[in-house]
Amino acid sequence: MEIDSVSEAELKENGFRSTRRTKLICTIGPASCTFEQLEALAMGGMNVARLNMCHGTREWHREVIRNVRKLNSEKGFSVAIMMDTQGSEIHMGDLGGASSLKAEINQEWTFTVRTFDGGVLPESTCVVNYDGFAEDVKVGDELVVDGGMVRFEVVEKFGPDAKCKCTDPGRLLPRANLTIWREGRLVRERNAMLPTISSKDWIDIDFGLAEGVDFIAISFVKTADVIKHLKSYITARSPGGSTSVFAKIESSDSLKHLEDIIQVADGAMVARGDLGAQIPLEQVPSVQHRIVHLCRQLNKPVIVASQLLESMIEYPTPTRAEVADISEAVRQRGDALMLSGESAMGLYPEKALSVLRTVSLRMERWCREEKIHQTIRLPELSTALHERISEQISISAAQMANKLEAEAIFVYTRQGYMATLLSRCRPDCPIFAFTETKSVRQRLNLQWGLIPFRLDFSDDMESNLRRTFALLKARGMMKQGDLIVAVSDISTADMLQSIQVRKIP
Ligand SMILES: Nc1ncnc2c1ncn2[C@@H]1O[C@H](COP(=O)(O)OP(=O)(O)O)[C@@H](O)[C@H]1O
Ligand SMILES: C=C(OP(=O)(O)O)C(=O)O
Ligand SMILES: [K+]
Ligand SMILES: [Mg+2]
């Protein structure tokens, strides 16, 4: 039986009830890419490592993937890997090698589609990645960098250049996202024509599939079609492969097709960074709530991402507002929280992760103690009998476990579907998900409340149960008399699926 040392230690130390249910994702960058740094993050509770293909070379990313795999095989972790595509929305180029540049109020800057020999840029110049820029932009337009971190007004067009005046000063970061606003509205005509998956993205996707990444997150999804297309591409490309596709909700277009997109994707990400640049900032919290809620109803895992601990890129303690923001995402019962710059290039990756962990734990406990969770309506997902039985068994198991105050729910599942259904019910106790393959175990590691184990099954449920009880007892993770609810979707000749209440012998 395989379980990671951190989950095992947490279970032994704090008892089942207080294990963390909310999962944690870290973006890996220069501040977190060595084996030792990755190990420290895994020890700190990282469930998923995210690779942002906007940055770094494929060789760099390959090395990180190798390190994570090594960590898993040598130290028993099940850290999953998520690859995040660049997408083709407008963004700035590298800043001629500078890690950031300061734009001062009223300073004149040039935004251009020119390329420069050797990548050396004249002073106060930004390259834009999109050839139509010089045609599309108009005098009087506002250029918003990184969702409002810096703003410029276009004062003059001159060939391939747009001369701009800085109206909101701030730091420009390499490859920062750029949006054009005209008379208070986002200019989206051209963006709507840009492909969601660019040529570079396809090559990155091939790379991700070859490396066997667990999740591919698609940036700036606009409609469900692109997700469908990618999913059939993955099936054709790696038959039997198990890479899941997450739709990043960050384009204003995606909000018109939210339900269709989430329905066809394997999960979603509330990508608040770019989303906040495409819709008014004050709408982001309600959109977040809507996406988290919808994902739960449709049984898709959901990630809340961006600026959760932005101040910790520079400082060792979070702001009170950041702690409140994390707590709200936990209270909404999203599956996972994600760090971006905090873990990729900040000064305090481990400290930031530790804040996510402690704030999540505290809020989860408070919610259980106060029983504040309103029961949300969970619509039936399937019309097929086998799946309908799974849904009903999961709902009943969660209810029974809550009423009986069981220590844990055990689920024996080959593909992981039954485990996701249990997670969807958000029961009070943790869910031990036993599964046969490493890939399913890693995939389940992103979902709320699941503690995934790898175990070789036999066809006889009774022997699976007895074996798990013995193994868990031997490792000091359970004791005689502990009450558990066990469910299984491993069919045998005379039983489709089962639910049992057991005491550890
Ligand atoms: N693989 C990488 N190599 C270098 N820097 C990276 C890498 N991944 C992330 N970063 C840095 O971390 C910052 C925050 O990451 P993220 O939010 O994922 O990207 P972005 O800011 O482009 O949306 C990036 O702006 C970049 O400076
Ligand atoms: C997660 C996001 O995407 P990226 O970091 O790739 O811009 C975001 O925009 O919030
Ligand atoms: K990205
Ligand atoms: Mg984004």
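Residues numbered from 1 in each chain as written. Chains lettered and ligands numbered in written order. Predicted model: local features only at pLDDT ≥ 70, side-chain atom pairs only at ≥ 80, totals over all residues. Heavy atoms only, no water.

### Structural notes on the coordination of the magnesium ion (ligand 4)
To keep things clear, this is the line we draw: The rule for donors is simple: N, O or S, within 2.8 Å of the metal, or within 3.2 Å if the metal is Na, K or Ca. Water isn't counted, so a site may look like it is missing partners. Going along the chain from the N terminus, every DSSP run of H or I of four or more residues is numbered as a helix, and every run of E of two or more is numbered as a strand. Note on exposure labels: buried denotes an accessible area under 20% of the residue type's maximum, exposed denotes more than 50%, and partly exposed covers the range between, all computed with a 1.4 Å probe on protein chains only.
Around the magnesium ion (ligand 4), the protein supplies Glu250 (OE) and Asp274 (OD) as donor atoms, at distances of 2.0 to 2.1 Å. Here the magnesium ion (ligand 4) and the potassium ion (ligand 3) are spaced 5.4 Å apart. With Glu250 in the loop between strand S14 (244-249) and helix H7 (258-264) and Asp274 in helix H8 (residues 272-278), the pair connects residues that are 24 residues apart, well separated along the chain. An identical accessibility class is assigned to Glu250 and Asp274; each is buried.

### Concerning the layout of surface pockets
Selection criterion: Grid points spaced at 1 Å over the protein atoms alone were grouped into cavities, where a 1.4 Å probe fits but cannot get out, and pockets, open sets with protein on both sides within 12 Å along at least five of seven lines, with lining residues defined by an atom within 4 Å of a point. Grid points are joined across faces, edges and corners, and a volume is the space filled by probe spheres set on the points. Polar here means any residue outside two lists: the nonpolar Ala, Val, Leu, Ile, Met, Phe, Trp, Tyr, Cys and Pro, and the charged Asp, Glu, Lys and Arg; Gly therefore counts as polar. Domain ranges listed in this record stem from an automatic or a database domain assignment.
There is about 960 Å³ of room inside the second largest pocket. Along the wall of the second largest pocket there are 29 residues; nearest its centre are Arg333, His373, Thr375, Asn402 and Arg426. Looking at the lining of the second largest pocket, the elements that each hand over two or more residues are helix H9 (284-297), helix H12 (349-370) and helix H13 (385-404). Its residues assigned to classes, the lining of the second largest pocket shows 8 nonpolar, 9 polar and 12 charged. Of the domains in this structure, domain 1 (20-88 + 195-369) and domain 3 (385-503) are the two that each give at least three residues to the lining of the second largest pocket.

### Quick look at the site of ligand 1
Where we set the bar: To be near a molecule or strand, a residue needs just one of its heavy atoms within 4 Å of it. Counting of polar contacts relies on pairs of N or O atoms within 3.5 Å, with two restrictions inside protein: one atom must be capable of donating a hydrogen and the other of accepting it, and residues adjacent in sequence are counted only when both atoms are side-chain atoms.
Among the 13 residues in the neighbourhood of ligand 1, the closest are listed as Arg50, Asn52, His55, Ser340 and Met345. Within the side chain of Arg50, one N or O atom sits 2.8 Å away from an oxygen atom of ligand 1. His55 is positioned such that a nitrogen or oxygen atom in its side chain is 2.7 Å from an oxygen atom of ligand 1. Contributions of two or more residues to the shell around ligand 1 are made by strand S2 (48-52), helix H3 (58-75) and helix H11 (341-344). Grouping the constituent residues of the shell around ligand 1 by class yields 5 nonpolar, 7 polar and 1 charged.

### Focus: the sheet that holds strand S13 (residues 215-218)
Rules: Strands are labelled as partners when DSSP assigns at least two bridges between them. A fitted line through C-alpha atoms represents every axis, and for helices the fit uses only the stretch in contact; the resulting angles, taken between N-to-C directions, go from 0 to 180 degrees.
Reading around the barrel, the 8 strands line up as S1-S2-S3-S13-S14-S15-S16-S17 and close back on themselves, with parallel pairing between neighbours. When the angles between neighbouring strand axes are averaged without regard to direction, this sheet yields 25°. Two elements, strand S1 (residues 23-27) and strand S17 (residues 336-339), share 4 bridges in a ladder whose sense is parallel. Residue pairing in the sheet places Ile25 in a bridge with Met338 of S17.

### Some points on the domain arrangement of the protein chain
Quick note on the threshold: Residue contacts follow a heavy-atom distance rule, with two residues in contact if any of their heavy atoms lie within 4.5 Å. Any Lys or Arg side-chain nitrogen found within 4 Å of a carboxyl oxygen on Asp or Glu counts as a salt bridge.
Taken domain by domain, the protein chain consists of domain 1 (20-88 + 195-369), domain 2 (95-193) and domain 3 (385-503). Centre-to-centre separation of domain 1 and domain 3, based on C-alpha positions: 26 Å. Listed per partner, the contact involves 29 residues of domain 1 and 21 residues of domain 3. Applying the counting criterion to the domain 1 and domain 3 interface returns 1 salt bridge. Here Arg426 and Asp335 are joined by a salt bridge, their closest N and O atoms 3.2 Å apart. Applying the counting rule to domain 1 against domain 3 returns 15 residue pairs in polar contact (both at pLDDT 80 or more). Broken down by secondary-structure element, the contributors of at least two residues to the side of domain 1 that touches domain 3 are S1, H3, strand S3 (80-84), S14 and H9. Looking at the side of domain 1 that touches domain 3 residue by residue, the class counts come to 11 nonpolar, 10 polar and 8 charged.

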